[in-house]
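Here are the chains, one letter per residue:
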Amino acid sequence: MQLDFRGAIRKALDDELTADPAVILFGEDIGAAGGAFAVTTGLQEKHPNRVLDTPISELALSGAGFGAALCGLRPVVEIMFGDFLPLAMDSLLNQASKFWYMSNGQASVPMVVRCVVGAGGRFGPIHSQTPIAWFMSVPGIKIVGPSTPADAYSLLRAAVRDENPVLFLEHKRLYTVKGEVSGEQQSIGEAAIVREGADLTLVSALRAVPDCLEAAAMLESAGISAEVIDLKTLRPPDIPTIVKSVKKTHRLMVVEEGPRTGGWAGEILAAVTEECLGVMQSAWRLTTADHPVPYSPGLEDAFLPSATSIVASVTQHMAGGKVDA
Amino acid sequence: MRELVIDDVATDTMLDLYRQMFLIRIVEDACQDLYSKGLLHGTTHLCSGQEAVAVGANSVLGPHDRVACTYRGHGHSLALGMDLNAFIAELLGRQSGICGGRAGSMNLIDLEHRLLGCYGIVGGSVAAATGAGLAFRGTQRVAVAYFGDGAVNQAYFPECLNFSKVFGLPVVYVCENNLYGEFTPMDTVTAGTIMDRVRAYGVAASQVDGMDIRAVRTAMQGALESARNGDGPVFLEALTYRFAGHSKSDPGRYRAAGEFERWRERDPIRLAREALTSELGVAEDTIKQVETECAVRLAGAREAATEALFPDPGESVSEFKA
Ligand SMILES: Cc1ncc(C[n+]2csc(CCOP(=O)(O)OP(=O)(O)O)c2C)c(N)n1
Ligand SMILES: [Mg+2]
């Protein structure tokens, strides 16, 4: 079935609501209005009483999600923009993610928090962030960030069925991307090689994946063969898949839409380096600068990773690599 | 700086207030147009319909007071005195914008004109003004927070109200109740009444007709006086309505039948115009002249902003102040 990304998310929610009466959706403007990004259109009509419009109370949303998950529901909470997650943070970070460990396995917290993330929409510094790094150091929470409609569908269904808290991120510049959705099952925690190559491994997630694929095509005409890995799950990251690739290509570049300092790209570099130091010729990351996302279109475009900036970075490092070799 | 002594029927004052409201309304219409032409990017939240709150309340502030408002902050920004050219240039992402093109419509900041910021996070303005109130303890300065009906359900609101009450902070909290948070009617997501909630904290609270600029001015005058006297925080609920969509993506289906038309009858600009002509005897020509002046100012600012340079992406940026 051909669906756009937003339609794939909607279908996954619809199918889960249909399959399991314990699934409940709540968030701001998601019901009658169908969501700020028109993702949940029609779901309230189809599943009345299980798709709720809430007050603007992010802490209550995440807190209620936590408590409800402990008592038999499978809540899917929408926090409209990922930038608003800090308001929901305590419940996610101090309650939901620790409960299974702290209760010595008495119960886990099967809840999903969905949010829109990412820059490029001209939404300015407070509606454009990709808040992965804020949660990267929180044990007990999974972070999923698909790049295609097919993955969005399969991984969201997996997230709802997961026994643990899952943060599910939807990049606003992916919503209109179309693709075939087969409905094939996928597991959280597995990265995929989305293009094979021999000279270098490009690792990324969310909107940067299409950028990496575009860059790989450009690099091919320059005689550089890039392998592209879509992480899909950022936490826990699938390090073995990357290690295997880097052992073949000997070079690793991680592309992250997010600030350099403390970002997840640094974590990937560290984890892979621990296993591949001896065989790696080069390892680096392309991230956004350590300042907020700017509003002005020219500033925002220059700030973001793109196929062109990925190619430029690869060319620069490969030149260095060849001298070293 | 505008005068501080209020005579709410003085003709000159009323004409000036009208001028400000009219300018804001045509600025908002221009924003709509700039957006549709692809010059204003992302999203923007127009305050059309709520001008009497912005102009009326800010017109009685003192020169050393401070204000925090929301992403729906165009009217407040202009009423506080933000330069029109710098305002429009910011919305268009230009170097000469009030924040150099970094912030955009939702996040305007202009400390020189008392604006601590337009806050893109619902409830953010409540917190910023509470902190400003803490800094103003024992002074003659007052901090003002503007926020919507939706913000009262945000944790910031009860926490800050309690905080400022127990410390007796000089803060005026102005809730602009326009009946909706985005597309959701406030009464479907808000238990009890806003006034009852505020009173439960022992904070002096009153309601005002947010479409009547003189009423807003008088109410705000009283609130500021009380806060300035050291009597602690004050709350005002301004009953108003937004004529535009919530933002650039608005299905618009949520309004009850006839509701929009009823509120349109109470358009604050129309009411002020009527007061000018019928009560204060101002000639139609005089008002027309004011309107023309506003249109000319706007056209000039719009042209200047459209021609202004974009910031240079190559310029190095520091995350810290040195
Ligand atoms: C913490 C937070 N949650 C959600 C939003 C998204 N949002 C922006 S405006 C808005 C509605 C706010 O309604 P209200 O407070 O009544 O102000 P109004 O827009 O009506 O002026 C929402 C939910 C946000 N900006 N911040
Ligand atoms: Mg409102």
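Everything below is about the structure shown above.
Below is a short write-up of the structure. (Residues numbered from 1 in each chain as written. Chains lettered and ligands numbered in written order. Predicted model: local features only at pLDDT ≥ 70, side-chain atom pairs only at ≥ 80, totals over all residues. Heavy atoms only, no water.)

As for the overall build of chain B
The number of helices and strands found in chain B is 11 helices and eight strands. Judged by the C-alpha coordinates and their principal axes, chain B covers about 55 × 50 × 40 Å. Per-residue burial over chain B gives 55% buried out of 322 residues. Across chain B, the fraction of contacts at a sequence separation of at least 24, relative to all contacts at a separation of at least 6, is 75%. A total accessible area of about 12,900 Å² is found for chain B, and carbon and sulfur atoms account for 53% of it. (Helix = DSSP H or I, 4+ residues; strand = E, 2+ residues; numbered from the N terminus. Buried < 20%, exposed > 50% of the residue type's maximum accessible area, 1.4 Å probe, protein only. Contact = heavy atoms within 4.5 Å. Areas by Shrake-Rupley, 256 points an atom, 1.4 Å probe, with all protein chains shown as cover.)

As for the site of ligand 1
Taken together, 22 residues sit near ligand 1, with Glu 58 of chain A together with Tyr 71, Arg 72, Gly 120 and Gly 150 of chain B positioned nearest. Taking Asn 178 of chain B, its side chain carries an N or O atom lying 2.9 Å from an oxygen atom of ligand 1. In isolation ligand 1 exposes 580 Å². Once the protein is present, 98% of that is buried. Here the residues of the shell around ligand 1 are counted per class, giving nine nonpolar, eight polar and five charged. (Near = heavy atom within 4 Å. Polar contact = N/O pair within 3.5 Å; in protein donor to acceptor, adjacent residues only side chain to side chain. Nonpolar A, V, L, I, M, F, W, Y, C, P; charged D, E, K, R; others polar.)

Details of the coordination of the magnesium ion (ligand 2)
For a metal with four donors in a tetrahedral arrangement, the ideal angle between donors is 109.5 degrees, while six donors in an octahedron ideally sit at 90 or 180 degrees. All names here are of chain B. Within the protein, Asp 149 (OD), Asn 178 (OD1) and Tyr 180 (O) serve as the donor atoms for the magnesium ion (ligand 2), at 2.0 to 2.2 Å. Read N to C, the donor residues that coordinate the magnesium ion (ligand 2) are spaced as D-x28-N-x1-Y. With Asp 149 in the loop between strand S3 (143–148) and helix H6 (156–166) and Tyr 180 in strand S5 (residues 180–181), the pair connects residues that are 31 residues apart, well separated along the chain. Take Tyr 180: its relative accessible area is 6%, and that puts it in the buried class. (Donors = N, O, S within 2.8 Å, 3.2 Å for Na, K, Ca; no water.)

A few points about the packing of aromatic side chains
Residues and elements named next belong to chain A. A complete count under the given rule lists 18 aromatic pairs over all chains for this structure. Ring geometry for Phe 5 and Tyr 175: centres 6.2 Å apart, planes at 65 degrees, overall edge-to-face. A residue pair is termed long-range when its members are at least 10 positions apart, and Phe 5 in helix H1 (residues 5–19) and Tyr 175 in the loop between strand S7 (166–171) and strand S8 (178–180) qualify at 170 residues. Across this residue pair, the class does not change: Phe 5 and Tyr 175 are buried. Seen from their ring centres, Phe 37 and Phe 81 are 5.4 Å apart, and the 70 degrees between their planes marks the pair as edge-to-face. In this pair, Phe 37 is assigned in the loop between strand S2 (23–27) and helix H2 (43–46) and Phe 81 in strand S4 (residues 74–81), connecting sequence segments 44 residues apart. Exposure class is identical for Phe 37 and Phe 81. Each is buried. By way of ring pairs, the aromatic residues Phe 5, Phe 37, Phe 81, Phe 84, Phe 123 and Tyr 175 are connected into one cluster. (Phe/Tyr/Trp six-rings, centres within 6.5 Å; stacked < 30°, edge-to-face > 60°.)

Here's the deal with the packing of helix H1 (residues 11–36) of chain B against helix H4 (residues 84–91) of chain B
All names here are of chain B. At a minimum axis distance of 11 Å, the contact between H1 and H4 shows a crossing angle of 25 degrees. Regarding the angle of H1 to H4, the classification is roughly parallel. When you trace H1 past H4, the crossing you get is right-handed. Contacts from Leu 23, Val 27, Cys 31 and Leu 34 in H1 reach Leu 84, Phe 87, Ile 88 and Leu 91 in H4. Along the lines of polarity and charge, the residues of the contact of H1 with H4 split into eight nonpolar, no polar and no charged. (Axes fitted to C-alpha atoms, helices over the stretch in contact; angles between N-to-C directions. Parallel < 35°, antiparallel > 145°, perpendicular 65-115°, else oblique. Left-handed = near helix turned anticlockwise from the far one by under 90°.)

Considering the pairing of strand S13 (residues 251–259) of chain A
All names here are of chain A. Summarising burial for S13: eight of the nine residues are buried, a large majority. Inspection of the sheet shows strand S10 (residues 200–204) paired to S13 by three bridges, in the parallel sense. Opposite Val 203, over in S13, you have Val 254 as the bridge partner. Pairing analysis gives six bridges linking S13 to strand S14 (residues 282–288), with the strands arranged parallel. In the strand pairing of S14, Pro 259 is matched with Thr 288. Regarding the hand of the β-α-β motif, the stretch spanning S13, helix H10 (residues 264–276) and S14 is right-handed. (Pairing = 2+ DSSP bridges. Right-handed = clockwise from strand over helix to strand, strands pointing away.)

Considering a nonpolar patch on the surface
Taken together, the side chains of Leu 134, Phe 163, Val 166 and Phe 167 of chain B present a nonpolar region at the surface, about 350 Å² in accessible area. Looking at the element boundaries, Phe 167 of chain B is found in the loop between H6 and strand S4 (171–177). (Patch = residues over 30% accessible without salt bridge, like charges linked within 9 Å, V, L, I, M, F, W, Y side chains within 5 Å. Salt bridge = Lys/Arg side-chain N within 4 Å of Asp/Glu carboxyl O.)

Some words on the side chain of Glu 300 of chain A
Of note, Glu 300 of chain A is situated in helix H11 (residues 297–303). Overall, the relative accessible area of 0% leaves Glu 300 of chain A in the buried class.

What about helix H4 (residues 89–96) of chain A?
Looking only at H4 of chain A, the buried set comprises Met 89, Ser 91, Leu 92 and Ala 96 of chain A. Buried-residue contacts for H4 of chain A involve helix H3 (58–70), helix H5 (99–102), strand S5 (112–117) and helix H6 (132–136) of chain A.

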